[in-house]
Amino acid sequence: MATTFSSELLPQLFPYVTQAKLTSNCHNIFVVRCRGHIPNESKSRSPQKVMVSTEARSTQLQPHDSTEPNFLKLLSRSCKAAKYNEALYFLECMVNRGLKPDVILCTKLIKGLFSLKNAEKAVRVMHILEQYGEPDVFVYNAVISGFCKVNKTNSANEVLSRMRVRGFSADVVTYNIMIGSLCNRGKLGLALKVFDQLLQDNCKPTVVTYTILIEATALEGGIHEAMKLLDEMLRKGLQPDMYTYNAIIRGMCRGGLIDQAFHFVRSLPAKGCKPDVISYNVLLRALLNQGKWKDGEKLVAEMFSRDCEPNVVTYSILISCLCRDGKLDESLNLLRVMKDKGLNPDTYTYDPLISAFCREGRTDLALEFMDYMICNGCLPDIVNYNTILSAMCKNGNANQALELFGDLPQMGCPPDGGKLWLWRQQTLF
DNA sequence: ATAGGGTTAG
């Protein structure tokens, strides 16, 4: 089958890549060159990191020896620089010297450690606060949220009882974290039970609570049920915001009710709101999914005229749908247009193009394209790699796939659950 | 200092 893209277009778009095309193992060359830009947190705990600079000298906040570093300041700096392991070290130095830990910094630190997937250390910070400082509900919410995000419900519940034992009761944010987590895992029924608990606990739901439930309900129970929740929150005097309305719009679009979605969007000004770029993106996606390109174009024009300019996601949607319809030339063209407008394509933007090259049986071009994105400051994520790995396996190039697979950890992109999937693919051969 | 939104693979 002939490729649907013109090979002349590539050199114009990717001069750097095509120039290097003839060198073998091009992918790795780019990888090595670009890896230097990957920000890498210093994990150093060496004493020379704990130097006192003049501006780090003692202030009035914490009494300490003037020959000793100001650990509070160092802690704050490390947190700001997202060096959380280092920050934990300074926190430990602080409390070892009898200084009281700062609760706000510790909350940040907990979030940061969870983002490094280090729940254990995050819990250690909570313990330090309990022992040497004064934890508050923000701290416990951060820990509960961290556990919920990695689906450790039991640990989250333990923290919940722990905070209660210490005299803190769950607030609406605590409830929203738990409700949101359940909804994300498709357990709307349980989420609604927790919602009942919230009400019995004479805790007042907020617009966020209802928005979470509306989103999940639109997905599971349909838009009709979701609209009932919208009515309920209005009856309670809660004012929906664009998060809420966009959840409704998305629900309508997902159910194929595009006309109703448009009608709803047109009614927003009367409700004191106006559609934002997300509302438009949802509508655009729905139109293009039905192949309504003319209407899509009109909508994009409206975005410009309504002072709601297309953003990276808008372009990603257009590029994705063009690729789906086999219009690779136009996709590549659009990629250039968005870059000219100063928008930075991300992994979502590039993936449909990678996918399109793969569909043409050109995993070689897909790899080159990946080099191109790396050199444009966008590191491929696991989805991008899986796109290529999958194509390689399908084309019977399992060895090539395995080689690339082996490179993932050093690319700063360790394989996900797709590892199992890869082995499943392998058994086909 | 904490909670909710749009677009990628299989």
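Per chain, residue numbering runs from 1 following the sequence as it is written. All chains are assigned letters beginning with A, and all ligands numbers beginning with 1, in the order in which they are written. The predicted nature of this model means local features are confined to residues of pLDDT at least 70 and side-chain atom pairs, given and counted, to a pLDDT of 80 or more, with totals for whole chains, interfaces and linings taken over all residues. The side-chain figures draw on all heavy atoms in the structure; neither hydrogens nor water molecules are used.

### A few points about the pattern of salt bridges
- A pairing counts as a salt bridge when a side-chain nitrogen of Lys or Arg comes within 4 Å of a carboxyl oxygen of Asp or Glu. Counting across every chain of the model gives twelve salt bridges.
- Where Arg-97 meets Glu-68, a salt bridge forms, and the shortest distance between an N and an O atom there is 2.8 Å. With Arg-97 in the loop between α5 (84-96) and α6 (103-115) and Glu-68 in the loop between α3 (26-35) and α4 (71-80), the pair connects residues that are 29 residues apart, well separated along the chain.
- Residue exposure (1.4 Å probe, protein chains only): buried if accessible area is under 20% of the type maximum, exposed if over 50%, otherwise partly exposed. You can call Arg-97 partly exposed: its relative accessible area is 43%.
- Of the charged contacts, one joins Lys-298 and Asp-295 as a salt bridge, the two residues approaching to 3.9 Å between their closest N and O atoms. Of the two residues, Lys-298 and Asp-295 both sit in helix α17 (residues 293-305), three residues apart, roughly one turn of that helix.
- Residue class for Asp-295 comes out partly exposed when judged on its relative accessible area of 31%. A run of H or I in DSSP becomes a helix once it reaches four residues, and a run of E becomes a strand once it reaches two; helices and strands are each numbered from the N terminus.

### A word on the side chain of Ser-316
- Among the structural elements, Ser-316 can be located in helix α18 (residues 312-324).
- Any two residues whose heavy atoms approach within 4.5 Å at even a single point are treated as in contact. Ignoring anything within four residues of it in the chain, the contact list for Ser-316 reads Asp-346, Tyr-348 and Thr-349.

### Here's the deal with the protein's contact with DNA strand B
- Residues in contact with DNA strand B amount to 41 residues; listed here are only the nearest, Asn-141, Asn-176, Asn-246, Asn-281 and Arg-285.
- The sugar-phosphate portion of DNA strand B accounts for 29% of its atoms within 4 Å of the protein, the bases making up the rest.
- Contact between DNA strand B and Tyr-243: a base nitrogen at 3.1 Å from a side-chain N or O atom of the residue.
- Here a polar contact means two N or O atoms within 3.5 Å. Within protein one must be a hydrogen donor candidate and the other an acceptor candidate, and residues neighboring in sequence count only if both atoms are side-chain atoms. For DNA strand B, a base nitrogen lies 2.6 Å from a polar atom in the side chain of Asp-276.
- Examining the composition of the surface near DNA strand B, we find that six residues originate from one element, helix α22 (residues 382-394), more than from any other. One heavy atom suffices: a residue is near a molecule or strand as soon as one of its heavy atoms comes within 4 Å of it.

### So, helix α14 (residues 242-254)
- For a helix, the expected span equals 1.5 Å multiplied by the residue count minus one. The end-to-end C-alpha separation of α14 is 18 Å, in line with the 18 Å expected for 13 residues at 1.5 Å each.
- Most of α14 is tucked away, with ten of its 13 residues classed as buried.
- In this structure, the buried residues of α14 make contact with α12 (207-220), α13 (223-235), α15 (258-267) and α16 (277-289).
- With a side-chain oxygen positioned 3.0 Å from the backbone nitrogen of Tyr-243, the residue opening α14 is Asp-241.

### Observations regarding α15
- Listed as buried for α15 are Ile-258, Ala-261, Phe-262, Phe-264 and Val-265. Relative to the axis of α15, the buried residues are bounded by an arc of 160° and lie together on one face. Facing away from the buried surface of α15 by more than 90 degrees, the exposed residues are Asp-259 and His-263.
- The inward-facing, buried residues of α15 contact α13, α14, α16 and α17. Within this analysis, the arc is defined by the directions that extend from the helix axis to the C-beta atoms.

### Topic: unusual backbone geometry
- Unlike most non-glycine residues, Ala-82 shows phi in positive territory, near 60°.
- Positionally, Ala-82 belongs in the loop between α4 and α5.
- According to the relative accessible area criterion, Ala-82 is partly exposed, its value standing at 35%.
- For Asn-151, which is not glycine, the phi torsion reads 65° and is therefore positive.

### Observations concerning the environment of Cys-323
- Within the secondary structure layout, Cys-323 lies in helix α18.
- The buried category is assigned to Cys-323, whose relative accessible area is 3%.
- Along the sequence, Cys-323 and Leu-353 sit 30 residues apart, while their C-alpha atoms lie 6.6 Å from each other.

### Quick word on the nonpolar core
- The biggest cluster of nonpolar side chains holds 132 residues, and the ones touching the most others in it are Leu-75, Leu-109, Ile-144, Ile-249, Phe-369 and Ile-388.
- Not counting residues within four places of it along the chain, the set of residues in contact with Ile-249 comprises Ala-261, Phe-264, Val-265, Leu-268, Ser-279, Val-282 and Leu-283. Only buried residues count toward a nonpolar core, which is a set of Ala, Val, Leu, Ile, Met, Phe, Trp, Tyr and Cys residues joined through side-chain atoms within 4.5 Å.

### Considering the UniProt feature "repeat: PPR" (unreviewed entry) in chain A
- The UniProt feature table records "repeat: PPR" (unreviewed entry) at residues 136-170, 171-205, 206-240, 241-275, 276-310, 311-345, 346-380 and 381-415.
- In residues 171-205, the share of helix is 74% and the share of strand is 0%. The end C-alpha atoms are 10 Å apart.
- Regarding residues 241-275, the helix share stands at 66% and the strand share at 0%, and the terminal C-alpha atoms are separated by 10 Å. UniProt positions are given in the numbering used here, feature names are shortened, and annotations may be inferred rather than shown by experiment.

### Some words on the packing of aromatic side chains
- Two rings from Phe, Tyr or Trp (for Trp, the six-membered ring) form a pair when their centres sit within 6.5 Å of each other. Planes less than 30 degrees apart are called stacked, planes more than 60 degrees apart edge-to-face, and all others tilted. Within the structure shown, the criterion is met by ten aromatic pairs.
- Residues Phe-71 and Phe-90 carry aromatic rings whose centres are separated by 6.2 Å and whose planes lie at 40° to one another, so their mutual orientation is tilted. You can see Phe-71 sitting in helix α4 and its partner Phe-90 sitting in helix α5, a full 19 residues away along the chain.
- According to the relative accessible area criterion, Phe-71 is buried, its value standing at 2%.
- When its relative accessible area of 2% is taken as the criterion, Phe-90 is described as buried.

### Points about the confidence of the model for chain A
- pLDDT runs from 0 to 100 and stands for how confident the predictor is about each residue. With 82% of its residues at a pLDDT of 70 or more, chain A shows a mean pLDDT of 85.
- Note that pLDDT drops below 50 for residues 1-62; the model gives that stretch 95 contacts with residues more than four away or on any other chain.
- Considering only residues more than four positions removed or in separate chains, one finds that residues 423-429, a stretch of pLDDT under 50, has eight contacts.

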